[in-house]
Amino acid sequence: MTRFILLYFLAFSAWTAHAQSVKATKATRAFSSLGKPVRTKTPLYAAIQPLAVKGISSSVPSIPSAVTTPMVVQTSSKQRDEKTLNPANPTVNVANPALVGSIRTKPYLLPIDRAAVKGSYPLGISDRKTTHIIFPARIQEFDAGTDYVLAQIPETVRNVLRIKANPKATAFCRADSGRETNMTVMTEDGGFYSFLVRYQDEPEVLNINMANNLSADEYTSRTLGINRATTITLTASATATNGTPPVSDLLYQCQRIADRKAFIRNIGASTMRISNLLTGIYVADKVMYMQFTIRNDSQIDYEVDFVKFYVRDKDVLKRMAAQEVELKPHAHYPESFTLLRAKAERTVVYALPLTTITEDKIIDVELYEKNGGRHMRYQIEADVVLLAKPL
């Protein structure tokens, strides 16, 4: 009985919809023949989808539905990973795309961005010659990937590393072996240096001074888009004193500021085609960072003797002793800034103790040339110091 009622209901609904459609068609033709606008009425009954009732035969014809069911598209985990870890994404430059692509099945994979990668130096060593590497600070820790590398730190000179190949490692000492190992050196000032070591019968370089490689490090790292920081934070040795951040942190901040645009104008000094201009002041963690642009427009190199900062009285009356306090920099970047070539320009950042001065005091900046007379000296007043920006 239930089946009979359901079939009757479906047939009656279909017949009613068909009758209304025929009626509307006749009315349309009649009004069209008279040239009058046609008005159609919305049918009272819509087509009804067959109900999925248990026990009804599948031979019952289904009626087309006017309602379209939206299709749900599911995204696989692989597609999500490709969207998130796509190396072409401008916000993420994946440093190891081959490795990331091989393990993308893991849902919570964090890529290594190029900005987090520190570069390595290629180094050739021999078992018959000793290679010397000179670092800017005392060596704190050394590690080699295998015992193929023999290294020694002299007791009297703690910033020099002597390296040779282990003559017993015959597999490594063959010129055509193609074997490679790595070596890392950490210094007390927070320096971190990585080397890729290969065997060479006749090493091309035997003596290396790492302090003179900063310009090449900066240029190459900027081109590759990798980490340009020359130092890291060594928590075991570089501890803060009197609230001052570690030297490694200071150097990192100085390096960041060196890349920023100038926002202070017309404060500085110029003499004999040498100019020293203050271009920015920043403040963070009880430290004041001063950004300078030093330019040499002459044909003679400028060798820096020293740069000093003093807090002095602005106006000194006669028969009154002038009070001055030297501000000794905690750090400066670049660390190897001692020479400015002819027709060259350098941006230098000094990290100074944070101090606020009153209106009757100034900060004196002195830049002296070694064995020369192109000295510069100028004043920074209190209202200029107040222009400092936070980091």
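Up top is the structure these notes are about.
As the structure is a prediction and not an experimental result, all values here were calculated from the model.

Criteria and thresholds
In this numbering scheme, every chain counts its residues from 1 along its sequence in written order. Reporting in this predicted model follows two pLDDT cut-offs: at least 70 for local features of residues, and 80 or more for side-chain atom pairs to be given and counted; totals over whole chains, interfaces and linings ignore these cut-offs and use all residues. Where side-chain values are given, they derive from all heavy atoms of the structure, hydrogens and water being excluded. What counts as a helix is a DSSP run of H or I of at least four residues, what counts as a strand is a run of E of at least two, and both are numbered from the N terminus. Remark: exposure states derive from per-residue accessible area (1.4 Å probe, protein chains only) relative to the maximum for the residue type, with buried under 20%, exposed over 50%, and partly exposed in between. Working definition of accessibility: Shrake-Rupley area with a 1.4 Å probe, residue cover restricted to the visible protein chains. Any two residues whose heavy atoms approach within 4.5 Å are treated as being in contact. In what follows, salt bridge is the name for a side-chain nitrogen of Lys or Arg lying within 4 Å of a carboxyl oxygen of Asp or Glu. Two strands are counted as paired when DSSP detects at least two bridges linking them. Here the axes come from fitting lines to C-alpha atoms, over the contacting stretch only for helices, and the angles between their N-to-C directions go from 0 to 180 degrees. This arc describes the spread of directions from the helix axis toward the C-beta atoms.

Trainee: Explanation requested: the overall build of the protein in the structure shown.
Mentor: Each helix and strand in the protein was counted, giving seven helices and 19 strands. Across the 391 residues of the protein, 31% fall into the buried class. Here the protein displays about 25,500 Å² of accessible surface, and carbon together with sulfur accounts for 54% of that area.

Trainee: For this particular structure, what's the right way to read the environment of Asp143?
Mentor: Among the secondary structure elements, Asp143 is positioned in strand β3 (residues 139-144). Spatially, the C-alpha atom of Asp143 lies 6.7 Å from that of Val185, the residues being 42 residues apart in sequence. Leaving out residues up to four positions away in the same chain, Asp143 has contacts with Asn182, Met183 and Thr184.

Trainee: Explain the pattern of salt bridges here, please?
Mentor: Pairs can form between side chains of opposite charge whenever their charged atoms are close. Enumeration according to the criterion identifies 15 salt bridges in this entry. What emerges from the salt-bridge pattern is a single network uniting Arg312, Asp364, Glu366 and Arg377.

Trainee: Before we go on, may I ask you to explain the environment of Ile112 in this structure?
Mentor: If you trace the backbone, Ile112 turns up in the loop between α3 (97-102) and β1 (121-125). A relative accessible area of 44% means that Ile112 is categorised as partly exposed. In this structure, the C-alpha to C-alpha distance between Ile112 and Asn96, residues 16 residues apart in sequence, is 6.9 Å. With near-sequence residues (within four places) excluded, Ile112 lies in contact with Asn93, Val94, Ala95, Asn96 and Val117.

Trainee: Sorry if this is basic, but what is going on with the sheet that holds β3 here?
Mentor: Two orientations exist for strands paired in a sheet by backbone hydrogen bonds: parallel and antiparallel. Spatial strand order, β1-β7-β6-β3: four strands in an open sheet with mixed pairing. For this open sheet the edge positions go to β1 and β3, each flanked by a neighbour on one side alone. Ignoring strand direction, the axes of neighbouring strands in this sheet form an average angle of 25 degrees. Strand direction decides the pairing type here: β3 and strand β6 (residues 180-187), joined by five bridges, are antiparallel. Along β6, the bridge assignment pairs Asp143 with Thr184.

Trainee: I tried to follow helix α5 (residues 214-224) on my own but got confused; where do I start?
Mentor: Two residues of an α-helix separated by three or four positions point the same way, owing to the 3.6 residues in each turn. Within α5, burial applies to Leu214, Asp217 and Ser221. Mapping the buried residues of α5 onto a view down its axis gives an arc of 55 degrees, with all of them on the same face. Away from its buried face, by an angle of more than 90 degrees, α5 presents the exposed residues Tyr219 and Thr223. Its buried side turned inward, α5 meets β1. Note on α5: the residue one or two positions beyond its end, Gly225, has a positive phi of about 75 degrees.

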